[in-house]
Amino acid sequence: MFDVEKVRAEFPILHQEVYGKPLVYLDNAATTQKPQSVIDAVRHYYERDNANVHRGVHALSERATASYEAARDKIRELLNATSRREIIFTRGATEAINLVASSWGMTNIGAGDEVLVSEMEHHSDIVPWQMLCERVGATLKVLPINDAGELCMDQLDSLLGERTRLVGIVHLSNALGTINPVKTIIEKAHAVGAKVLLDGAQALAHLHVDVQALDCDFYVTSAHKMYGPTGIGMLYAKEALLDAMPPYQGGGDMITMVTFEKTQYNDLPYKFEAGTPNIAGAIGFGAAVDWLKKTGIDAASAHENDLLAYATEKAKAFDGLRIIGAARDKASVLSFTIKGVHPHDLGTILDREGVAIRAGHHCAMPVMQHFHVPATARASFAAYNTRGEVDALFAALTKAQELFA
Amino acid sequence: MFDLRDLYQQVIVDHNKSPRNFGKLADFNHEADGYNPLCGDKLHVYLKVNDAGVIEDVSFEGEGCAISVASASLMTDALKGKTMQESEDMFGHFQHMATSELDEAPDEEVLGKLTVLAGVREFPSRIKCATLCWHTLLAAVKDRPEPAKTE
């Protein structure tokens, strides 16, 4: 039984007032708050186990290494990856995409080849490919979205071809909340011999992901959007791909032998983890995975879906409100504009009511261009939000509208 | 306790709803773009300056939040009949007001109606909304080809 009050009790940051009003945190698509268990895991590491990993012969280093590697195992299990060798720690989803674009892209994408992304991608799944295409003379193609904020799947076949090397698709859109039919996209992409990268930055806190069942080639995410710390994320890639890829960065930990003539690279996953990693972050990431499993992704997402449905109903009845993104398959995100009130003014006014939302382009400027809006306001839900907080959001919106009347 | 009405004063709400001097001037000899990449606000300022260096007419176009639209509207009202030098000085005073300590009273004698925007001091993330039009004005005065930014 999902008990939201019990969940809330685990998040110390939620129990505070902002400008004399109870904090209503609805900016979860930007970053989620952290449960006590994640804060404790990071704190325990620094208080008891802090040491460098993989080479120490002392107790602390052995403990640090064990916790760091245990986090990798937890993530492998969460994603149902075949092997722990397929889980590479990165700074976040952005670095993971850059890793793939640099290492795999530079080796496998050449002049005249094509990379296909969608119109709803976050800038982090556009710009690295744009940079790669410019460097090698490849072409970036775009799968458009419709006015409901869904991918135009009927155009996919004509955009995929024998020159398509990679398809980069967001699993759950941060700007629209759309859940994309990634399984179908992967099947169609594989049929023309293209690899698929899924941007799961937004997805893992809300959806079950099984990389084997999906058969995706690359999956990336950031821990901080799934109750973990900032500055840590991961790349999942099929082992055969990682084996064939050259290292992304050179340095310590990614080698087995260095001479001035020749360097022998380390085995997976360490080949892609040059330098001292974000050990505390990885341990916190592992704790976040534990928390998600304990709380139950299904139970949490059912609760969030209820909040989204409740908020959407209220939004539809709200005078002058336009919902941006009305996909049939949606999670967690309510993006909208209000007639006569700019999203940034909404953001400021709501803030003074204790309600934290995001106002802006959500790092998805092409989405704003599609809907002909400079920005949207976005409320995004997590496991600890309540219907009462949705009510507070709409009360604050009414206040904003009155202020501008 | 700071009230939202201190930021969104009725004058600002009115200027946002019906901005003055909005649209392209039929006859102008200076212009510039302004852009705030953080929030996507875009402005374009047109100036008609005579041989004596006096601003005969000024207008703006663009989209943005209430603070940025009202600020541009109030600015264009305030600039008519001022010399280029006077408008630059006014920018200095406005910039000072927007970033000064809360207990410092804005200079009403120099800034006149523009003092209604003093409330942005309490909202650090919104100061740039109020100053974008002034940066754009300066770029127009100096005939800068690249869009003005608030940095």
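None of the values given here were measured: they were computed from a predicted structure.

Draft legend 1. Region of the structure containing the domain arrangement of chain A. All names here are of chain A. Examined at the domain level, chain A breaks down into domain 1 (4-30 + 296-403) and domain 2 (39-293). On a C-alpha basis, the centres of domain 1 and domain 2 stand 28 Å from each other. Contacts between the two partners involve 37 residues from domain 1 and, on the opposite side, 34 residues from domain 2. Of the roughly 2,800 Å² buried between domain 1 and domain 2, counting both surfaces, carbon and sulfur atoms make up 56%. Among the residues domain 1 hides against domain 2, the three largest losses belong to Ile-297, Cys-363 and His-370. Together they make up 22% of the total. There are one salt bridge connecting domain 1 and domain 2. Between Glu-150 and Arg-328 there is a salt bridge, with its nearest N and O atoms 3.6 Å apart. At the boundary of domain 1 with domain 2, the tally comes to 23 residue pairs in polar contact (both at pLDDT 80 or more). Looking at the side of domain 1 that touches domain 2, the elements that each hand over two or more residues are helix H11 (297-317), strand S14 (333-338) and helix H13 (365-370). Partitioning the side of domain 1 that touches domain 2 into residue classes produces 21 nonpolar, nine polar and seven charged.

Draft legend 2. Summary view of helix H2 (residues 36-49) of chain A. The end-to-end C-alpha distance of H2 of chain A, which contains 14 residues, comes to 18 Å, matching closely the 20 Å that a straight helix rising 1.5 Å per residue would cover. Looking at the buried positions of H2 of chain A, the neighbouring elements they touch are helix H3 (59-79) and helix H10 (279-295) of chain A.

Draft legend 3. Seen up close, the pattern of salt bridges. All names here are of chain A. What the rule picks out here adds up to 30 salt bridges over all chains. Across the pair Arg-8 and Glu-389 runs a salt bridge, and its minimum N-O distance is 3.3 Å. Here Arg-8, found in helix H1 (residues 4-9), pairs with Glu-389, found in helix H14 (residues 387-403); they are 381 residues apart in sequence, far enough to count as distant. We classify Arg-8 as buried; its relative accessible area is 11%. The salt bridge partner of Arg-84 is Asp-73, with a shortest N-O separation of 2.7 Å. With Arg-84 in the loop between H3 and strand S4 (87-90) and Asp-73 in helix H3, this residue pair connects regions lying 11 residues apart in the sequence. For Asp-73, a relative accessible area of 32% translates into the label partly exposed. Several salt bridges share partner residues, and in doing so they unite Glu-69, Arg-72, Asp-73, Arg-84 and Glu-273 into one network.

Draft legend 4. How the structure looks around the side chain of Asp-113 of chain A. If you trace the backbone, Asp-113 of chain A turns up in the loop between helix H4 (93-108) and strand S5 (114-118). Among the polar contacts listed, one links the side chain of Asp-113 of chain A to the backbone nitrogen of Gly-110 of chain A, at a separation of 2.8 Å.

Draft legend 5. Representation of unusual backbone geometry in the model. That bond from Leu-268 of chain A to Pro-269 of chain A is cis: its omega, 0°, falls within 30 degrees of zero. The backbone of Ser-332 of chain A sits at a positive phi, close to 70°, despite the residue not being glycine. One can find Ser-332 of chain A in the loop between strand S13 (321-323) and S14. According to the relative accessible area criterion, Ser-332 of chain A is buried, its value standing at 3%. The phi dihedral of Asn-21 of chain B falls on the positive side, at around 55°, and the residue is not glycine. Judged by its relative accessible area of 19%, Asn-21 of chain B is buried.

Draft legend 6. A look at the sheet that holds strand S16 (residues 358-360) of chain A. Residues and elements named next belong to chain A. A sheet is described by the order of its strands in space; here four strands give the open sequence S13-S14-S17-S16, paired in antiparallel fashion. Looking at which strands have only one partner, the edges of the open sheet turn out to be S13 and S16. Pairs of neighbouring strands in the sheet enclose a mean axial angle of 30°, with direction left out of account. Pairing analysis gives three bridges linking S13 to S14, with the strands arranged antiparallel. Within S14, the residue paired with Leu-321 across the bridge is Ile-338.

Analysis parameters
Residues numbered from 1 in each chain as written. Chains lettered and ligands numbered in written order. Predicted model: local features only at pLDDT ≥ 70, side-chain atom pairs only at ≥ 80, totals over all residues. Heavy atoms only, no water. Domains from an automatic or database assignment. Contact = heavy atoms within 4.5 Å. Buried area = accessible area lost by both parts, 1.4 Å probe. Salt bridge = Lys/Arg side-chain N within 4 Å of Asp/Glu carboxyl O. Polar contact = N/O pair within 3.5 Å; in protein donor to acceptor, adjacent residues only side chain to side chain. Helix = DSSP H or I, 4+ residues; strand = E, 2+ residues; numbered from the N terminus. Nonpolar A, V, L, I, M, F, W, Y, C, P; charged D, E, K, R; others polar. Expected span 1.5 Å × (residues − 1). Buried < 20%, exposed > 50% of the residue type's maximum accessible area, 1.4 Å probe, protein only. Pairing = 2+ DSSP bridges. Axes fitted to C-alpha atoms, helices over the stretch in contact; angles between N-to-C directions.

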